[in-house]
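Spelled out, the chains give:
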Amino acid sequence: MQEFNYHSHTYRCGHADLDMTDEEYVEAYIKMGFKRMAFTDHCPEKNKIDKRNNMRMEYSQRKEYLETIQALKEKYAGKIEIQSGYEVEYLPGEEENLKELKAETDKLVLGQHFVYDDNKNLKIHGRDELSDKELLRYAEYIEQAMKCEIPDIIAHPDIYMLKRKEFGEIGTKVAHLICKAAEKYGVPLEINLNNIFAKTYYENRKLNHKPIEEQRKNLGKVIYPCKEFWKIASEYNIHVVYGIDAHHRGQIELFNEFVELANEVIGKDTIEKLDFVDLK
């Protein structure tokens, strides 16, 4: 089992379980035998760009968030290593603000949920139809973030398949661009487990507790991890990690089952070619 998870959210983002405390996350990781974890909640924006409600913590919450994590680090020292961090998006012109967030934390996870269109409007994965040009811009933003030494991990690099009916030529081109950049800059790519959870165990905003055999019946609904993306990734000299992307009570405890299902989606031959690393 991978002994760390660096992708965890908190109630502050507004779309995780609002009654789940930070300490409950820590205790769940300890119970599962994890050695290291990081809180990487959706980052606050100094310049308010993403104006959606319940998507990220407010800038005013940074101090309390980091102080709470520090207190948990001290309380659970010797039981689990706790790191602080954010899940961020790269946008041109925001480099200094992102580096400020990096300087005050241990881990930055790049979860590129949106790009600018030609008129500098946000185009958001899952909500908007992104053109081929905008998908190429998605890959460009990810590469630029790596070049600026912002992310420690690229979260759900295949999320661009939301709203896409087939992988196709553009999907292939985007995958090669991302993987080529990850190889060049040495930044690990994450096999994200949240869509596995969302399409199987999570029904009507609660855990359904069905056995894994029942969950397999819904794997056809899973959009990411994307089998075609990871087949291309296996052709590159890149590092790979799993990420729970924990938002809800019960997710952490199901880590091993999520990994099993994700591996089935991606395929055994591809999984065996990927270089999974023990990231400190």
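The following refers to the structure shown.

Basis of the calculations
Residues numbered from 1 in each chain as written. Predicted model: local features only at pLDDT ≥ 70, side-chain atom pairs only at ≥ 80, totals over all residues. Heavy atoms only, no water. Helix = DSSP H or I, 4+ residues; strand = E, 2+ residues; numbered from the N terminus. Rg over C-alpha atoms; globule rule 2.2 N^0.38 Å. Buried < 20%, exposed > 50% of the residue type's maximum accessible area, 1.4 Å probe, protein only. Areas by Shrake-Rupley, 256 points an atom, 1.4 Å probe, with all protein chains shown as cover. Lys, Arg positive; Asp, Glu negative; His and termini not counted. Charge placed at Lys NZ, Arg CZ, Asp CG, Glu CD. Phe/Tyr/Trp six-rings, centres within 6.5 Å; stacked < 30°, edge-to-face > 60°. Salt bridge = Lys/Arg side-chain N within 4 Å of Asp/Glu carboxyl O. Polar contact = N/O pair within 3.5 Å; in protein donor to acceptor, adjacent residues only side chain to side chain. Contact = heavy atoms within 4.5 Å.

### Points about the overall build of the chain
So, step 1. Within the chain, the regular secondary structure consists of 10 helices and 12 strands.
So, step 2. Its C-alpha atoms give the chain a radius of gyration of 18 Å, within 12% of the compact-globule value 19 Å for 280 residues.
So, step 3. Taken along its principal axes, the extent of the C-alpha atoms in the chain is 50 × 45 × 35 Å.
So, step 4. A buried classification covers 56% of the 280 residues belonging to the chain.
So, step 5. Accessible area for the chain stands at about 12,800 Å²; split by element, carbon and sulfur atoms hold 46% of it.
So, step 6. For the chain, the distance from the average position of its 42 positive side-chain charges to the average position of its 52 negative side-chain charges is 2 Å.

### A few points about the packing of aromatic side chains
So, step 1. Considering all chains together, one arrives at 14 aromatic pairs under this definition.
So, step 2. Where Tyr 138 meets Tyr 160, the ring centres are 5.7 Å apart and the plane angle is 50°; that geometry is what we call tilted. Residue Tyr 138 is located in helix α4 (residues 132-147), and its partner Tyr 160 is located in the loop between β7 (153-154) and α5 (168-185); the two are separated by 22 residues in the primary sequence. Accessibility assignment for this pair places Tyr 138 and Tyr 160 in one class, buried.
So, step 3. Taking 4.9 Å as the distance between ring centres and 20° as the angle between the ring planes, the aromatic pair formed by Tyr 242 and Phe 276 counts as stacked. One end of the pair, Tyr 242, is in strand β11 (residues 239-243); the other, Phe 276, is in strand β12 (residues 275-276), and 34 residues separate them in sequence.
So, step 4. With a relative accessible area of 29%, Phe 276 lands in the partly exposed category.

### A word on the pattern of salt bridges
So, step 1. This structure, assessed with the given rule, holds 26 salt bridges.
So, step 2. Between Arg 36 and Asp 278 there is a salt bridge, with its nearest N and O atoms 2.5 Å apart. With Arg 36 in strand β2 (residues 36-42) and Asp 278 in the segment after β12, the pair connects residues that are 242 residues apart, well separated along the chain.
So, step 3. Note on Arg 36: relative accessible area 6%, which makes it buried.
So, step 4. With a closest N to O distance of 2.8 Å, Asp 118 and Arg 137 form a salt bridge.

### Points about the side chain of Gln 2
So, step 1. With respect to the secondary-structure elements, Gln 2 resides in the segment before β1 (4-5).
So, step 2. By relative accessible area, Gln 2 is classed as buried at 13%.
So, step 3. Here the side chain of Gln 2 touches Phe 4 through a polar contact of 2.8 Å, landing on its backbone oxygen.
So, step 4. Of the polar contacts made by the side chain of Gln 2, one reaches the backbone oxygen of Tyr 242; its length is 2.9 Å.
So, step 5. Residues in contact with Gln 2, not counting those within four places in the same chain, are Phe 34, Val 241, Tyr 242 and Phe 255.

By themselves, these are just geometric observations and shouldn't be taken as functional.
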